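Residues per chain, in single letters:
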Amino acid sequence: MDRKCITISKAKNEYIYSDVGRCFLFLPPKANYINQEEEKKVKGYYSRKLHFLQEHHLLDQKSIEFSTNYPAELIRQNLACLRQLLIEVTDSCNLRCKYCGYGEFYNNYDQRETKNQTFGNVKILIDYLAELWKSEYNISQDNTVMIGFYGGEPLVNMKLIKEIIAYMRSLDIPHLRFGYNMTTNAVLLDKYMDFLVEKDFKLLFSLDGNRQGSGYRVDKQGRPSFDKVVNNISLLKEKHPDFFETNVNFNSVLHDQNTIEKTYEFIKEKFGKTPRIAELNTNGIVPERREEFSKMFHSKVENFNRMASEEKLKEEYKLDSTDAIHFHSMLANHTGNRYKEYIDLFEPDNENSYIPSGTCQPFERKIFLTVNGKILPCEKIGQEHVIAQMKDGKLNLNLEEVAKYYSELYQKVLHNCTHCQHKRTCGQCLFLLEEKEGKLICPGIRSEAHLNKELSDFLTYAEEHPEEYETLLSEIVVE
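Basis of the calculations
Residues numbered from 1 in each chain as written. Predicted model: local features only at pLDDT ≥ 70, side-chain atom pairs only at ≥ 80, totals over all residues. Heavy atoms only, no water. Helix = DSSP H or I, 4+ residues; strand = E, 2+ residues; numbered from the N terminus. Buried < 20%, exposed > 50% of the residue type's maximum accessible area, 1.4 Å probe, protein only. Contact = heavy atoms within 4.5 Å. Areas by Shrake-Rupley, 256 points an atom, 1.4 Å probe, with all protein chains shown as cover. Pairing = 2+ DSSP bridges. Phe/Tyr/Trp six-rings, centres within 6.5 Å; stacked < 30°, edge-to-face > 60°. Lys NZ or Arg CZ within 6 Å of the ring centre and 35° of its normal. Salt bridge = Lys/Arg side-chain N within 4 Å of Asp/Glu carboxyl O. 1 Å grid on protein atoms, 1.4 Å probe; cavity = no way out; pocket = protein on both sides within 12 Å on 5 of 7 lines; lining within 4 Å. Points joined across faces, edges and corners; volume = space filled by probe spheres on them. Nonpolar A, V, L, I, M, F, W, Y, C, P; charged D, E, K, R; others polar. Axes fitted to C-alpha atoms, helices over the stretch in contact; angles between N-to-C directions. Disulfide = S-S within 2.5 Å. Parallel < 35°, antiparallel > 145°, perpendicular 65-115°, else oblique.

S.K.: I keep staring at the overall build of the protein and nothing clicks. Help me out?
M.R.: Counting its secondary structure elements, the protein contains 15 helices and 17 strands. Across the 479 residues that make up the protein, the buried fraction comes to 46%. Contacts in the protein between residues at least 24 apart in sequence constitute 73% of all its contacts with a sequence separation of at least 6. For the protein, the computed accessible surface area is about 25100 Å², with 48% contributed by carbon and sulfur atoms.

Set out below in structure tokens:
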């Protein structure tokens, strides 16, 4: 896109986007002059201003080059500054939720064999990371590494969780702290809540609202889990009210048996919390089950837009609205001087060279160890994307091979990126794209007209909601 083109907001205000300055420049109205003499003065001022911007190249369009090479040394630094170590402690679960990402609708995961993770495997990975945490590659300042326990249902293997925490506490690494988090169905919460409170866990409870809304969350015999789960969470709230207030959140999956309104109403009234709303996972669907899945799937955006007349809910979920998410995304992608983490300040300033797509850099945010010893960059992608392996008591993690793997992925998507107007601001994860004939197919390619429409919507929202800039910038979290 020619960045010198004019973008017009809904209020008919005109802007030019500065590629170099990473900012939008307001163009004043052209016909609000009292008389000819004042018109000449105003035009002269803006003529000089335009000349200034041109002279300092603020209206220049940057050339864009793609780089598909990611240095192995940078991967080593990412590991040293790791934000989250995620451990699948078991693939066993005491529920069999209809829409489970490891259930009947999906085919992109390893066979679930009620297998538990071994402490030996976890210790090998922790020891490898500990050496990097102590090394000069760790440029983070007073970093907290979150240890996430994943399943299956993680509380099924509480023995291992206790072993891991004991070992983490035995490590002596200056300027490094460890925190613990877990997403749990709360079926076993009554047995282990005191330990979780003692270790200051951050807990995310899976609950889809009231009894009807939680109807897909059943045990292996098809019996509802609702009563047991609600009673256990209520017990935690009663026994540890301060912990519940600060450390507990809810995640609710949206589907055809609930709505955002009813889910919010139940959880807010019962537990005083505003639940996070998540859509069903659309990655790795079994082709033969697509039609059934489509009936169960409900769009979060469409559901939110339908409830827009509910002022209380609209306020509670304003950060989840289509406009707010779009506004935040545009702020992140089209304005400068924004850093998510301290270590982002150390990233090389290479403004004209871009890595294709919006895929997280390898181990930039997390590393995930499965019960089968696979090492993945994230728990949200298919388990065919193995980039390292724990095998026969050894960690096979070759950073040069990881760099090569990513490079090959980047090359597969270049044909999309070259002609896309989001080439510098893409948020698409490569691991979620479909591959055909050796190329990754991206559904999000944007034309010049499409991008200009997005810029117009962004500027309109900024004009109409000036008070929300700070809120959106500080409170929206991209996971």
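S.K.: Hey, could you run me through the pairing of strand β14 (residues 388–391) in this one?
M.R.: In summary, the side chains of a regular strand alternate between the two faces of the sheet. Judged by which residues are buried, β14 turns out to be one-sided: A388 and M390 face inward and are buried, whereas Q389 and K391, on the alternate face, are not. Bridge count between strand β13 (residues 374–376) and β14: two bridges; the pairing is antiparallel. Counterpart to K374 in the pairing with β14 is Q389. In terms of strand pairing, β14 meets strand β15 (residues 394–396) through three bridges, oriented antiparallel. Each bridged residue has a counterpart across the sheet, and for K391 the counterpart in β15 is K394. Between β14 and the antiparallel strand that follows it, β15, lie two residues; D392 among them carries a positive phi value of about 55 degrees.

S.K.: Mind showing me how you'd approach the packing of aromatic side chains here?
M.R.: Given two aromatic rings, their pairing is described by the distance between the two centres and the angle made by the two planes. One pass over the full model with this rule turns up 21 aromatic pairs. The interplanar angle of 50 degrees and the centroid separation of 5.6 Å between the aromatic rings of F226 and F266 together place this pair among those described as tilted. A residue pair is termed long-range when its members are at least 10 positions apart, and F226 in helix α6 (residues 226–239) and F266 in helix α8 (residues 260–271) qualify at 40 residues. Residue classification places F266 among the buried positions, given a relative accessible area of 18%. An aromatic cluster is defined as three or more aromatic residues linked by ring pairs; in this entry it consists of F105, Y106, F293 and F297. Positioned over the ring face of F195 is K162, at 5.3 Å from the centre of the ring.

S.K.: Help me understand the pattern of salt bridges in this model?
M.R.: Opposite charge on two side chains allows them to pair when their charged atoms are near. Evaluation of the coordinates by the stated rule reveals 19 salt bridges. Across the pair E379 and K366 runs a salt bridge whose closest N-O atoms are separated by 3.1 Å. Linking E379 in the loop between β13 and β14 with K366 in strand β12 (residues 366–369), this pair joins segments that are 13 residues apart in sequence. As a salt-bridge pair, E454 and R446 come within 3.4 Å of each other at their nearest N and O atoms.

S.K.: Looking at this structure, I do not really get the layout of surface pockets. What am I missing?
M.R.: To find leftover empty space, one rolls a probe the size of a water molecule over the atoms. The space that makes up the second largest pocket amounts to roughly 470 Å³. In this structure, the second largest pocket is lined by 23 residues; those nearest its centre are N283, L432, L433, E434 and E435. Secondary-structure elements contributing two or more residues to the lining of the second largest pocket are α13 (399–417), β16 (434–436) and β17 (439–441). The leading source of residues in the lining of the second largest pocket is α13, at four residues. Of the residues in the lining of the second largest pocket, the class split is ten nonpolar, seven polar and six charged.

S.K.: Even after reading the chapter, I still don't get the sheet that holds strand β8 (residues 202–206), so can you show me in this structure?
M.R.: Taken in spatial order, the ten strands line up as β10-β9-β8-β7-β6-β5-β12-β13-β14-β15 in an open sheet, and their pairing is mixed. Only two strands of the sheet have a single partner each, and these edge strands are β10 (276–278) and β15. Taken over all neighbouring pairs, the strand axes of this sheet differ in orientation by 20 degrees on average, direction set aside. Pairing between strand β5 (residues 84–88) and β12: four bridges, direction parallel. Bridge pairing in β12 links L85 to I367.

S.K.: Just checking my understanding: could you explain helix α2 (residues 72–80) for this structure?
M.R.: An α-helical turn contains 3.6 residues, so a residue and the one three or four places further along point in the same direction. Taken as a whole, α2 has its buried residues at A72, I75, N78, L79 and A80. Elements that come into contact with the buried residues of α2 comprise α3 (119–133), β12 and α13.

S.K.: Looking at this structure, how should I read the state of the cysteines?
M.R.: One covalent bond between the sulfur atoms of two cysteine residues makes up a disulfide. By the definition in use, this model includes zero disulfides. Residue C93 stays outside any disulfide, its sulfur separated by 6.3 Å from that of C97, the closest cysteine. A residue is classified by how much of its surface remains accessible, and C93, at 23% relative accessible area, is partly exposed. Judged by relative accessible area, C97 falls into the buried class, the value being 13%.

S.K.: Where do I start with unusual backbone geometry in this structure?
M.R.: Leave glycine aside and you will find that most residues have negative phi; peptide bonds, for their part, are mostly trans. Cis geometry marks the peptide bond from G151 to G152, where omega comes out at 20 degrees. Secondary-structure assignment places G152 in the loop between β6 (143–150) and α4 (158–170).

S.K.: Would you mind going over the packing of α4 against helix α5 (residues 189–198) with me for this structure?
M.R.: Each packed pair of helices is defined by two parameters, the angle between the axes and the distance between the axes. At their nearest, the axes of α4 and α5 sit 12 Å apart, and the two run at 10 degrees to each other. What the angle tells us is that α4 and α5 run roughly parallel. Side by side, α4 and α5 meet where M158, K162 and I165 of the first sit next to Y192, F195 and L196 of the second. Among the residues forming the contact of α4 with α5, the class breakdown is five nonpolar, no polar and one charged.

Keep in mind these numbers describe shape, not what the thing actually does.
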